[in-house]
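# A structural walkthrough
Single-letter residue listing:
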Amino acid sequence: MKPILFVLAAGMGSRYGGLKQLDGVGPNGETIMDYSIFDAIRGGFGKVVFVIRKDFEDDFREKILSKYENHIPVETVFQSLDKLPEGFTCPEGRTKPWGTNHAVLMGKGVIKEPFAVINADDFYGRDSFEVIGRELSGAGEEKKNEYCMVGFRVGNTLSESGSVARGVCGMDAGGYLTTVVERTAIERINGEIRFIDENGATVVLDENTPVSMNMWGFTPDYFEYSEEYFKDFLRENMDNLKSEYFIPLMVNELVTKNIARVKVLDTTSKWFGVTYIADRQGVVDKIRALIDAGEYPDKLF
């Protein structure tokens, strides 16, 4: 059974100022997402599902989906503020999306196989797709409560233009996730990777400390847990117009209650993205270097 790649792209229009401005970083205008799809095909994925907003469906199909024809089957699902469980309605004045795990829930009706979740605008690298593709290919339909995530080495995820926020992972002796704690302002200073914790203390991270870059692997039973927990989340947060239902919230709930296990997968891939405007040229240069090294062809699709 080939796993599915589930791409979170509902924020694309607003984040990039419209699809017309979707930034090309490859030599033929390839986007970061194009490299992810290319790597997923090489990593054994059999289908791609995109979650987008309905208001840019036509543009998305014309400018994005058309290029993948004859390469891999694709499907779209839609995230909107009013897609809530029965008995709940979107509060007046709410404009902020409900978050990444709400976006994942949109795939419930079409995803029946093990699946990986990624952000549309992060460059994850070939090895990460091979690692998670291999793990999910061994997860049959009957496998439940056994998930995974790619734990990027923090030293491979930093920006040269400023600090970054990362989900720093704790693991048990068996390599399973125990915690994911969001840490802000992580940066390399005088050769050390460090951040300031909630008590004002400086914490130094080892180069190989695993961090979450929102690259998760699930089996379809995850949708059932997510839907039930989302109801609890809504009951507690409906009046907070900026509250968001994030994937780590759900994962932490399942892990701390011993409902599910999440295997942390190591990767040698180097993450990069455009966190700051100044990062863009660096991304272009890094992709050019990967092409020159034979990692990618000059033209992907």
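Quick summary incoming for the structure in this document. (Residues numbered from 1 in each chain as written. Predicted model: local features only at pLDDT ≥ 70, side-chain atom pairs only at ≥ 80, totals over all residues. Heavy atoms only, no water.)

### With respect to the environment of Tyr176
Applied cut-off: Note on conventions: DSSP H or I runs of at least 4 residues are helices, E runs of at least 2 residues are strands, and numbering of each starts at the N terminus. Any pair of residues with heavy atoms lying within 4.5 Å of one another is described as a contacting pair. As used in this structure description, the phrase polar contact means that two N or O atoms lie within 3.5 Å; if the pair is within protein, one of them must be able to donate a hydrogen and the other to accept it, and residues adjacent in sequence are counted only when both atoms belong to side chains.
Within the element layout of this structure, Tyr176 appears in the loop between β6 (164-171) and β7 (177-189). Put simply, Tyr176 and Ile111 are 65 residues apart on the chain and 25 Å apart in space, counted from C-alpha to C-alpha. Residues contacting Tyr176, with those up to four places away along its chain left out, are Glu146, Gly170, Met171, Arg261, Val262, Lys263 and Val264. At 3.2 Å, the side chain of Tyr176 and the side chain of Arg261 are in polar contact.

### Topic: the nonpolar core
Rules: Take the buried Ala, Val, Leu, Ile, Met, Phe, Trp, Tyr and Cys residues and link them wherever side-chain atoms come within 4.5 Å; each set so joined is a nonpolar core. Partly exposed describes any residue whose relative accessible area lies between the buried limit of under 20% and the exposed limit of over 50%, with all areas from a 1.4 Å probe on protein chains only and scaled to the type maximum.
Counting 43 residues, the largest nonpolar core has Leu5, Met33, Phe50 and Phe60 as the members making the most contacts within it. With four residues, helix α5 (residues 126-137) is the largest single contributor of residues to this core. Sequence-distant contacts of Met33, defined by excluding residues within four places in its chain, comprise Val7, Met12, Phe50, Phe60, Ile64, Tyr68 and Ala120. Core analysis: the next-biggest nonpolar cluster, separate from the first, contains 39 residues, Val51, Cys169, Trp216 and Tyr245 among them.

### Some points on the environment of Thr184
If you trace the backbone, Thr184 turns up in strand β7. With a relative accessible area of 51%, Thr184 lands in the exposed category. Residues Thr184 and Gly24 lie 160 residues apart in sequence; the distance between their C-alpha atoms is 28 Å. Ignoring any residue separated from it by four or fewer positions in sequence, one finds Thr184 in contact with Val164, Ala165 and Phe195.

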